[in-house]
Amino acid sequence: MTDRTARVRELNLYRQYFELVAAGAKTIEVRVKYPHLADLTAGDTIRFRIKGTDETCDVKVLRVTEYPDFEALLDGEGPTNVNPTATSDQQLANIRTIYGPEKEALGALAIKISRSEQPWA
């Protein structure tokens, strides 16, 4: 048992990925290993928001796995878990459009998520 209190993190998400998360089809969220995500852990809640809107979707973090780069992440997690509507090559290109090489050099996080029907306390 731990004394750590689960937290709620707010993160922006593009509409196309938000809709996949909301539908429960996207179970792995990809992020750069930024310092503000270093302590993200199982049990936390992520509140995804479409930037510039009030649309949100809460998910529970099941695990966080670190990878050296996006290609290793897609190989390790399986591309259909990240985006079931695109091939691995398409996803890699899309992710690298969002995050340039200097960001990828920080490392990649695979965040296993589960759709929440109701917020956690």
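In case you missed it, the structure is sitting above this.
Residues numbered from 1 in each chain as written. Predicted model: local features only at pLDDT ≥ 70, side-chain atom pairs only at ≥ 80, totals over all residues. Heavy atoms only, no water.

Asks: Explanation requested: helix α4 (residues 88-98) in the structure shown.
Replies: For an α-helix, the turn length of 3.6 residues means that residues three or four places apart are oriented alike. Here α4 has its buried residues at Q91, L92 and I95. Down the axis of α4, the buried side of the element spans an arc of 100°, and every buried residue falls inside it. For α4, exposure combined with an orientation more than 90 degrees from the buried face picks out D89 and T97. Here the buried face of α4 lies against β2 (28-32), α2 (70-77) and α3 (79-82). (Buried < 20%, exposed > 50% of the residue type's maximum accessible area, 1.4 Å probe, protein only. Helix = DSSP H or I, 4+ residues; strand = E, 2+ residues; numbered from the N terminus. Arc of directions from axis to C-beta. Contact = heavy atoms within 4.5 Å.)

Asks: Sorry if this is basic, but what is going on with the pattern of salt bridges here?
Replies: If charged atoms from side chains of opposite charge come close, those side chains can pair. Per the counting criterion, the structure on display carries 13 salt bridges. Where R47 meets D58, a salt bridge forms, and the shortest distance between an N and an O atom there is 2.8 Å. Here R47 is found in strand β3 (residues 45-49), whereas its partner D58 is found in strand β4 (residues 56-67), with 11 residues between them in sequence. Given a relative accessible area of 10%, D58 falls into the buried group. The residue R63 makes a salt bridge to E77 at a minimum N-O spacing of 2.7 Å. (Salt bridge = Lys/Arg side-chain N within 4 Å of Asp/Glu carboxyl O.)

Asks: Can you help me understand the pairing of β4 in this one?
Replies: Looking down a regular strand, the side chains alternate between one sheet face and the other. As paired elements, β3 and β4 share five bridges and run antiparallel to each other. Bridge pairing links I46 to V59 in β4. Hairpin connection from β3 to β4: six residues lie between these consecutive antiparallel strands, with G52 at a positive phi of about 80°. As paired elements, β4 and strand β5 (residues 108-115) share eight bridges and run antiparallel to each other. What sits directly across from K60, in β5, is S114. (Pairing = 2+ DSSP bridges.)

Asks: Can you help me understand the sheet that holds β5 in this one?
Replies: Adjacent strands of a sheet pair through backbone hydrogen bonds, lying either parallel or antiparallel. In space, the five strands of this open sheet follow the order β1-β3-β4-β5-β2, with mixed pairing throughout. Two strands lie at the open edges of the sheet, namely β1 (8-12) and β2, each paired on one side alone. Within the sheet, the average angular offset between the axes of one strand and its neighbour, ignoring direction, is 40°. (Axes fitted to C-alpha atoms, helices over the stretch in contact; angles between N-to-C directions.)

Asks: Quick question: what am I supposed to make of the nonpolar core here?
Replies: If you look at soluble globular proteins, the nonpolar side chains tend to sit buried side by side. Ranked by size, the top nonpolar core spans 17 residues in total, and within it V21, I46, F48, V59 and I111 carry the most contacts. Of all elements in the fold, only α1 (15-22), β3, β4 and β5 reach the threshold of two or more residues within this core. The dominant element in this core, judged by the number of residues it contributes, is α1, at four residues. If we ignore the near neighbours within four places in the chain, the residues touching I111 are T27, I28, E29, R31, L40, I46, V61, R63 and V64. Counting residues in hydrophobic clusters, the runner-up holds 13 residues, among them I28, V30, V32 and Y67. (Core = buried A, V, L, I, M, F, W, Y, C linked by side-chain atoms within 4.5 Å.)

Asks: Would you mind showing me how to read the environment of T65 here?
Replies: Mapped onto the fold, T65 is located in strand β4. Judged by relative accessible area, which is 23%, T65 ranks as partly exposed. For the pair T65 and A108, spaced 43 residues apart in sequence, the C-alpha to C-alpha distance is 8.4 Å. Beyond its immediate sequence surroundings of up to four residues, T65 is in contact with E77, A108, L109 and A110.

Asks: Quick question: what am I supposed to make of the pairing of β1 here?
Replies: Alternating positions in β1 separate cleanly, R9 and L11 being buried on one face and V8, E10 and N12 remaining unburied on the opposite face. The sheet contact formed by β1 and β3 spans five bridges and is parallel. The residue of β3 that forms the bridge with L11 is F48.

Function cannot be read off these values alone, since they describe shape.
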